[in-house]
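Structural overview
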Protein chains: 2
Amino acid sequence: MMVAGDPGREMFEEADGSHRVAKSEYRLREAALREALVLTQYELLRAPKFATLILIAGVDGAGKGETVNLLNEWMDPRHIEVAGFPPPTPDEAAHPPMWRFWRALPPKGKIGVFFGAWHTMPILARVTGKIDDAALKTRTDQIQRFEQMLADEGVLLLKFWFHLSKAQQKARMQALEKDPDTAWRVTEEERAHFRQYDRFRTVSGDFVAATSTGIAPWRIVPGADANYRALCVGDQLLAALKERLAAPEVRAAAPALAPLPRKAATRLRDLDLSKSVAGKKDYRDKLAKWQGRLNRLSRDARFKAGHAAVCVFEGNDAAGKGGAIRRVTHALDARYYRTVSIAAPSEEERAQPYLWRFWRHVPRHGFFTLYDRSWYGRVLVERVEDFTQDADWQRAYAEINDFESELTSHGLVVCKFWLAIDQDEQLRRFKAREETSFKQFKITEEDWRNRDKWPAYEKAVCEMLARTSPDNAPWTVVEANDKRHARIKVIKTLVKALEARLDAG
Amino acid sequence: MMVAGDPGREMFEEADGSHRVAKSEYRLREAALREALVLTQYELLRAPKFATLILIAGVDGAGKGETVNLLNEWMDPRHIEVAGFPPPTPDEAAHPPMWRFWRALPPKGKIGVFFGAWHTMPILARVTGKIDDAALKTRTDQIQRFEQMLADEGVLLLKFWFHLSKAQQKARMQALEKDPDTAWRVTEEERAHFRQYDRFRTVSGDFVAATSTGIAPWRIVPGADANYRALCVGDQLLAALKERLAAPEVRAAAPALAPLPRKAATRLRDLDLSKSVAGKKDYRDKLAKWQGRLNRLSRDARFKAGHAAVCVFEGNDAAGKGGAIRRVTHALDARYYRTVSIAAPSEEERAQPYLWRFWRHVPRHGFFTLYDRSWYGRVLVERVEDFTQDADWQRAYAEINDFESELTSHGLVVCKFWLAIDQDEQLRRFKAREETSFKQFKITEEDWRNRDKWPAYEKAVCEMLARTSPDNAPWTVVEANDKRHARIKVIKTLVKALEARLDAG
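Residues numbered from 1 in each chain as written. Chains lettered and ligands numbered in written order. Predicted model: local features only at pLDDT ≥ 70, side-chain atom pairs only at ≥ 80, totals over all residues. Heavy atoms only, no water.

**Structural notes on the overall build of chain A**
- Each helix and strand in chain A was counted, giving 23 helices and ten strands.
- The principal-axis extents of the C-alpha atoms in chain A amount to approximately 85 × 50 × 45 Å.
- In chain A, buried positions account for 55% of the 505 residues.
- Residue pairs in contact within chain A that sit at least 24 positions apart in sequence constitute 81% of those at least 6 positions apart.
- With an accessible surface of roughly 22,000 Å², chain A has 52% of that area assigned to carbon and sulfur atoms. (Helix = DSSP H or I, 4+ residues; strand = E, 2+ residues; numbered from the N terminus. Buried < 20%, exposed > 50% of the residue type's maximum accessible area, 1.4 Å probe, protein only. Contact = heavy atoms within 4.5 Å. Areas by Shrake-Rupley, 256 points an atom, 1.4 Å probe, with all protein chains shown as cover.)

**Some thoughts on the packing of helix H19 (residues 390-408) of chain A against helix H22 (residues 454-467) of chain A**
Residues and elements named next belong to chain A.
- Two elements in contact, H19 and H22, have axes separated by 10 Å at closest approach and are oriented at 35 degrees. The element H19 and its partner H22 pack so that their crossing is right-handed. Only Glu463, Met464 and Arg467 of H22 make contact with H19, whose side of the interface consists of Trp393, Tyr397 and Asn401. (Axes fitted to C-alpha atoms, helices over the stretch in contact; angles between N-to-C directions. Left-handed = near helix turned anticlockwise from the far one by under 90°.)

**Observations regarding the environment of proline 259 of chain A**
Residues and elements named next belong to chain A.
- Looking at the secondary structure, you find proline 259 in the loop between helix H12 (226-246) and helix H13 (280-298).
- Look at proline 259 and you get exposed, because its relative accessible area is 75%.
- Sequence separation of proline 259 and arginine 467 is 208 residues, and the distance between their C-alpha atoms is 9.9 Å.

**So, the sheet that holds strand S8 (residues 368-372) of chain A**
Residues and elements named next belong to chain A.
- With respect to topology, five strands assemble into an open sheet ordered S7-S8-S6-S9-S10, the strand pairing being parallel. Each edge of the open sheet carries a strand with a single partner, namely strand S7 (337-341) and strand S10 (475-479). Taking the axes of each pair of neighbouring strands and ignoring which way they run, one obtains an average angle of 20 degrees across the sheet.
- In the sheet, S7 pairs with S8 via five bridges, with the strands oriented parallel. The residue of S8 that forms the bridge with valine 340 is tyrosine 371.
- Of the strands in this sheet, strand S6 (308-315), S7, S8 and strand S9 (412-420) are in contact with helix H15 (residues 321-329), which crosses S6 at around 160 degrees. (Pairing = 2+ DSSP bridges.)

**Section: helix H3 (residues 23-46) of chain B**
Residues and elements named next belong to chain B.
- If you check H3, its first and last C-alpha atoms are 34 Å apart, about what 24 residues at 1.5 Å a residue would give, namely 34 Å.
- Within the sequence span of H3, burial applies to Tyr26, Glu30, Leu33, Arg34, Ala36, Leu37, Val38, Thr40, Gln41 and Leu44.
- Taken together, the buried residues of H3 touch strand S1 (52-58), helix H4 (64-74), strand S2 (80-84), strand S3 (111-115) and helix H12 (226-246). (Expected span 1.5 Å × (residues − 1).)

**Some points on the relation of the copies chain A and chain B**
- The operation relating chain A to chain B is a screw motion whose rotation component is 180 degrees, with 0.0 Å of axial translation and a residual RMSD of 0.0 Å. Look at the turn and shift together and you get a two-fold axis relating the two.
- When you check the interface residues of chain A against chain B, 100% turn up at the interface there too, and the contact is symmetric in its surfaces. (Least-squares fit on C-alpha atoms with pLDDT ≥ 70 in both.)

**As for the packing of aromatic side chains**
- Taken as a whole and assessed by the stated rule, the structure comprises 48 aromatic pairs over all chains.
- Centroid distance phenylalanine 114 of chain A to tryptophan 118 of chain A: 6.0 Å. Interplanar angle 75 degrees. Geometry classified as edge-to-face. Accessibility assignment for this pair places phenylalanine 114 of chain A and tryptophan 118 of chain A in one class, buried.
- Ring centres 5.2 Å apart and planes at 55 degrees place the aromatic pair tyrosine 336 of chain A and phenylalanine 367 of chain A in the tilted group. Of the two residues, tyrosine 336 of chain A sits in the loop between H15 and S7 while phenylalanine 367 of chain A sits in the loop between helix H17 (356-359) and S8, which places them 31 residues apart along the sequence.
- Geometry around phenylalanine 50 of chain A places arginine 244 of chain A over its ring, the cationic atom sitting 4.3 Å from the centre.
- We note arginine 378 of chain B situated over the ring of tyrosine 354 of chain B; from NZ or CZ to the ring centre the distance is 4.0 Å. (Phe/Tyr/Trp six-rings, centres within 6.5 Å; stacked < 30°, edge-to-face > 60°. Lys NZ or Arg CZ within 6 Å of the ring centre and 35° of its normal.)

**Quick look at unusual backbone geometry**
- Even without a glycine there, the phi angle at alanine 318 of chain A is positive, about 70 degrees.
- Phi angles above zero are rare outside glycine, and aspartate 386 of chain B is one such case at about 60 degrees.
- Along the polypeptide, aspartate 386 of chain B turns up in the loop between helix H18 (381-384) and helix H19 (390-408).

**Quick notes on the side chain of aspartate 482 of chain B**
Residue and element names in this part refer to chain B.
- Position of aspartate 482 relative to the elements: it lies in the loop between strand S10 (475-479) and helix H23 (483-504).
- Although aspartate 482 is buried, it makes no salt bridge; arginine 484 carries the closest opposite charge, 5.6 Å away.
- Here the side chain of aspartate 482 touches histidine 485 through a polar contact of 2.8 Å, landing on its backbone nitrogen.
- For aspartate 482, the residues in contact, after removing those within four places along its chain, are Lys275, Ser276 and Val277. (Lys, Arg positive; Asp, Glu negative; His and termini not counted. Salt bridge = Lys/Arg side-chain N within 4 Å of Asp/Glu carboxyl O. Polar contact = N/O pair within 3.5 Å; in protein donor to acceptor, adjacent residues only side chain to side chain.)

**Description of the interface of chain A and chain B**
- Taken together, the contacts link 60 residues of chain A with 60 residues of chain B.
- It is Trp184, Arg335 and Phe438 of chain A in chain A that bury the most area against chain B; as a group they hold 14% of the surface buried on that side.
- Run the count over chain A and chain B and you get four salt bridges.
- Salt-bridge contacts for arginine 335 of chain B lead to glutamate 189 of chain A; the nearest nitrogen and oxygen are separated by 2.9 Å.
- For the pair chain A and chain B, the number of links is 13 residue pairs in polar contact (both at pLDDT 80 or more).
- Of all the secondary structure elements, the ones that give two or more residues to the side of chain A that touches chain B are helix H3 (23-46), helix H4 (64-74), strand S2 (80-84), helix H5 (90-93), H13, H15, S7 and helix H16 (347-350) of chain A.
- Among the elements that make up the side of chain A that touches chain B, the one with the highest residue count is H13 of chain A (seven residues). (Buried area = accessible area lost by both parts, 1.4 Å probe.)

**Looking at the confidence of the model for chain A**
- Averaged over chain A, the pLDDT score is 94; the fraction of residues at 70 or greater is 99%.
- Complex prediction metrics read pTM 0.92 and ipTM 0.89. (pLDDT = per-residue confidence, 0-100.)

**Section: the pairing of strand S3 (residues 111-115) of chain A**
Residues and elements named next belong to chain A.
- For S3, the tally of buried residues reaches five of five residues, placing the bulk of the element in the interior.
- Of the pairings in the sheet, the one linking strand S1 (residues 52-58) to S3 comprises five bridges and is parallel in character. Along S3, the bridge assignment pairs isoleucine 54 with valine 113.
- In terms of strand pairing, S2 meets S3 through five bridges, oriented parallel. By the bridge assignment, glycine 84 is partnered in S3 with phenylalanine 115.

**Observations regarding the packing of helix H20 (residues 423-435) of chain B against helix H21 (residues 445-452) of chain B**
Residue and element names in this part refer to chain B.
- Between H20 and H21, the shortest axis-to-axis distance is 12 Å and the interhelical angle comes to 170 degrees. Taken together, H20 and H21 sit at an angle that is classed as roughly antiparallel. Here Gln423, Gln426, Leu427, Phe430 and Glu434 of H20 come into contact with H21, specifically with Asp447, Trp448 and Arg451.
- Residue classes in the contact of H20 with H21 are distributed as three nonpolar, two polar and three charged. (Parallel < 35°, antiparallel > 145°, perpendicular 65-115°, else oblique. Nonpolar A, V, L, I, M, F, W, Y, C, P; charged D, E, K, R; others polar.)

Right under this line is the structure:
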């Protein structure tokens, strides 16, 4: 949304004015609106194609809570999910900030209402001086990319900013405070915020201007007149739902990807797969040593208080992911880690944006999550097998980098392992699995088919390694023809990463 | 399980002895066991009929973590869900103790492994003297009833208690501590527990004896020899799964219900439905007054720290549940309450015990959850419409009383409202709904069919009121022919209940 002059300053000027709807007009319009909203809601449910997410934000006393009540009254409340976001609880604060919003996203077909959302804490932090302009800018950019991702995932995002002019808010507070039966409606929090009205207005104006993008503009709602604001929200909601229902299926545009560096394509071929740990005794000693260091780190007070670990295990079929994971978990207290094996998504997971089912397992501070396969499925199997449109796996690189950046900036250590074996070794292991009765379940027709596509997978892996290796969440390619070498390298890499992170504070 | 003499003392005597399996025998038996386990696991998944829950409990160092690793290695880890339960986090502590276990229950078809569970905290609390024998007895009884409920819901519950004799545990600790590379395996926690070995043995023995019921006996696992204990768990797991798969469908037995008091049957007919609030001004004043008191209570520091509110709204169709709920929420900060409208269960919810989908919305301290319809559906619509076997809705009374008792004993205030209108008033409202375009969605064929079954519903409601009205979670029957009277009575009742609970401390 381009606005001439100072967009932040001008953001609320129009809404400052008087906007009223007379009672008689309201009654007529409300009846028609309610009917249309309910019918549209049922149309959404009959063939769930997209989720609708309504953000309710803005000034205290401008009718936010009343509007949430109204939406529940107008539509069938069984299919509206309202989530309120007070200051984070201790458990929420022990997770990355976006975790609680991800958990509350509505599934396809439903309407979610967020009362307060990802904008609340950054604006408050800037107003109270806890963060500076540069930090707010960083957060604003992240929010823009997050909302773009929601749009690309097909979520219909409607953002309403409820506004009162300074004079309107003052008049409202005075009227309520005069009557002892209504004085409770003006909370201490509201009075405190009002004392900083001008500061809130400036910071909010800049934020609203910066995050009013084409895909998700803020809709300013003049909040002084209950009738006007109700119709303002209801009419816009109805129009947006109808427009979206009538639109052809939304497809995200393919992103512009930078050309890959020349060396990227041969990274796997340049590996020295002969690396090994020769003696059994040597292996056992090394394993015990690194497991001991890992155990101590997992009980380190600094780790418990402000860090967590996310380990991603990917690799060729039969490369030994499960065995490597168990050597890690053997060093951990079973109460403080979780292994998540990624299978086909459940019905609930399919109704959500792609990364939702991985976010739900993100550990709180003090915990480990080990992913046996992961969100990289999108740029590996889904790409190679054509399960996903090109534009969708191509945009996944940036979305994954954003996701992992949310984790690392909250103190999480992200270790990603690609376990590599060559085709001869894979063939040997496939055959051994077929010959061992209790391992036959590990080898299917699909594994043989994947093996036939070795070059296509190699290409996808090399591109993944090149595009998703930021400094704070790099890939470690593990030579895994020798299982002992692979296991030691995995644990050692994790230990070194944890030590470096704890020492960095 | 009846044991002569002192069952607690004798509980672990057999397991004290030496139990070993030689390596060569282990290899043979393990291979056959793994194959059978994997095949059985896939059979469970193909036609998900029941959930399997494995509890891993017992002495430190007796191989609990290793066994969890083994189960993951033996079977397909994508369909095993391991949950570890360290001491409760702040958010968990702000919910009733059983909440975190409910959230982690495995769905039908899957195998869940709980590392530590509902037994851990009571045993620890008794050993450290935080609770006395009577309190432990209360907790033990609750656990027995909870496990009975799981069994009645079809969950296959397998409880393994890992044991080491005092000498065995001492030898293990000394061997590990001798080698600097393995000394980390003996944690400070384990040393502290070992110093109280005898005390733990006595308390655990009594607890294990008391909770070894026919439906879910504890299986004592001698833990000193890794081979023996692995086969001990694996063989029993396999046998239990096979037995259950071969068994005809499990049906819970009908409970013995006490005869209803004579007055119960006419409770609804004795209501004075003419009660009303006459003037609009009078209504508005009263509403504002009670909403103000409710708002103050919701912000009371005592409420935030140690209480929460669960409000249940049931009533005749068109009795005004939605309108009453909105008068309550109008007094609350939208960030601190949640309205849950109960519709048909989702796929995920149908794969769980009945109460699971209500437990998930239980509020933490400081919050309100308002249920628009509730767990009482089982003894109302499901009973009248024959959706549920007689034995199942009949046992629901006791399960619901247990559920609500878990809430109230954690400081939650449970207010249950039955909104009652008479048949004439219902007819009037049904017709009005049909004539108002935006209310037509609220009236369906089903509502008319339900109306034809008025006497059957009345009987079910009266029995529900009689069987589920303990002192700390009573029903309030609300005369709702006059909406104003109903709304005022609801808020007033909630305010009085909160005030009484806060004053009681």
